[in-house]
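Breakdown of the fold
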Amino acid sequence: MGDFHTILTEIKNGVLYLTINREPSLNALNFNTLEELRTIFDEVVDNKEIKAVILTGAGEKAFVAGADIREIADLNEVNARKFAENGQEIFSMIENCNKPVIAVTNGYTLGGGCELAMACHMRIATANAKFGQPEVNLGIIPGYGGTQRLTILIGRGKANELMMTGNLIDAQEAKELGLVNHVLPTKEEAMAKAESILKTIMEKAPLAIGMIIDCVNAVYLSEENGYQTEANSFARCVKSGDYVEGTSAFLEKRKPVFRGE
Ligand code: COA
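Overview of the structure. From a predicted model like this one, the values you see are computed outputs, not experimental measurements.

Parameters at a glance
Residues numbered from 1 in each chain as written. Predicted model: local features only at pLDDT ≥ 70, side-chain atom pairs only at ≥ 80, totals over all residues. Heavy atoms only, no water. Salt bridge = Lys/Arg side-chain N within 4 Å of Asp/Glu carboxyl O. Buried < 20%, exposed > 50% of the residue type's maximum accessible area, 1.4 Å probe, protein only. Helix = DSSP H or I, 4+ residues; strand = E, 2+ residues; numbered from the N terminus. Pairing = 2+ DSSP bridges. Core = buried A, V, L, I, M, F, W, Y, C linked by side-chain atoms within 4.5 Å. Contact = heavy atoms within 4.5 Å. Near = heavy atom within 4 Å. Polar contact = N/O pair within 3.5 Å; in protein donor to acceptor, adjacent residues only side chain to side chain. Areas by Shrake-Rupley, 256 points an atom, 1.4 Å probe, with all protein chains shown as cover.

Some points on the pattern of salt bridges
Using the criterion set out here, one finds 10 salt bridges in the structure. Between Glu245 and Arg254 there is a salt bridge, with the nearest N and O atoms lying 2.8 Å from each other.

Structure (structure tokens):
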């Protein structure tokens, strides 16, 4: 993993830690950050050292306070469409990543920040986290998939309310709505919770984990029959060494050792 200007990277115990590192701008996403995310997630897929990803924001105040408003203040119709399509493409790479990605959201998780967190497979919030899609205050709408993913996660009525009012909600309310999986008092505890979930996942068969990601994502693809995707993936599982290992280990009353092959 190379060096990046706006994202800190570190690999520890098979987990890639990504920290959006633009604290003076509350980690707002600029063009550079998005391209760095693209490069990183392109590499994550095939990098054998990386088994899972935790994505967070630098400091205590914000995960990501949105797209960088300085860069979206003078868009025209043509580059606005490109702006949205580019962000959607990169966030889809995260959503479709074959390894689990958890967002640890500390503080403001707004606009593109909320959309980024929603593209991850799970979200763990610190108690001071605040969520919202305040784009309407700027005369625009979410453009990085937020209208779709927020509706999927919390339902149409609540998604409409959040996007139309631009109101922020706190971490507890976000949990009650199903937007986040867990709320922990501090960032350290939120990171520890993410690490503990990933430790459990990393003991399972990696190919099966990747297939669960594919099948769950297939629920939301109109061009795909999710049941068919599930049956095909199930069939692919039984061709793997991990299937032989998992079933043999059970019958031999021992712990399986999965190799991802
Ligand atoms: N893009 C660019 N810069 C941003 C930003 C964003 N989305 N969000 C915050 N910043 C910058 C501020 O401009 C400020 O920079 P400055 O110190 O050079 O003036 C710095 O981050 C700190 O923000 P500030 O507004 O002073 O902090 P606050 O505690 O008073 O308010 C927020 C925090 C998050 C409520 C407020 O910054 C905000 O509303 N940000 C925009 C959120 C938004 O609309 N996101 C969707 C964008 S599409």
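Remarks on the pairing of strand β5 (residues 101-105)
When you tally the buried positions in β5, you get 5 out of 5 residues, the bulk of the element. Side chains Val101, Ala103 and Thr105 project from β5 onto one buried face, and the interleaved Ile102 and Val104 project onto a second face that is buried too. Where strand β3 (residues 52-57) lies against β5, 4 bridges are found, and the strand directions are parallel. Considered in β5, the bridge of Ile54 is made with Ile102.

Re the nonpolar core
Nonpolar side chains in soluble globular proteins tend to be buried together. The biggest cluster of nonpolar side chains holds 28 residues, and the ones touching the most others in it are Phe41, Phe91 and Leu116. Breaking this core down by element, the ones donating at least two residues are β2 (15-20), α1 (31-46), β3, β4 (62-64), α2 (77-95), β5 and α3 (112-119). Considering each element in turn, this core owes the most residues, 5 residues, to α1. When sequence neighbours within four positions are dropped, the list of residues in contact with Phe41 reads Leu18, Val53, Met93, Ile94, Cys97 and Val101. Within the second largest apolar cluster, 17 residues are counted, among which are Val15, Ile124, Ala190 and Leu198.

A short note on the site of the ligand
Taken together, the neighbourhood of the ligand is formed by 17 residues, with Pro24, Lys61, Ala65, Ala67 and Ile69 sitting nearest. The separation between a nitrogen atom of the ligand and a polar main-chain atom of Ala67 is 3.0 Å. Contact with the protein chains removes 59% of the 860 Å² of surface that the ligand exposes when unbound.

Remarks on the pairing of strand β1 (residues 7-12)
Bridge analysis of β1 against β2 gives 6 bridges, and the strand direction is antiparallel. Bridge pairing in β2 links Glu10 to Tyr17. Remark: 2 residues form the turn of the hairpin made by β1 and β2, two consecutive strands paired antiparallel; Asn13 in that turn has positive phi of roughly 50°.

Describing unusual backbone geometry
Look at Leu26: it is not a glycine, yet its phi comes out positive at around 50°. Looking at where Leu26 falls in the secondary structure, it is placed in the loop between β2 and α1. Residue Leu26 is classed as partly exposed on the basis of its relative accessible area of 25%. Despite not being glycine, Asn27 has its phi angle at roughly 60°, a positive value. Along the polypeptide, Asn27 turns up in the loop between β2 and α1.

In short, geometric facts, not functional conclusions.
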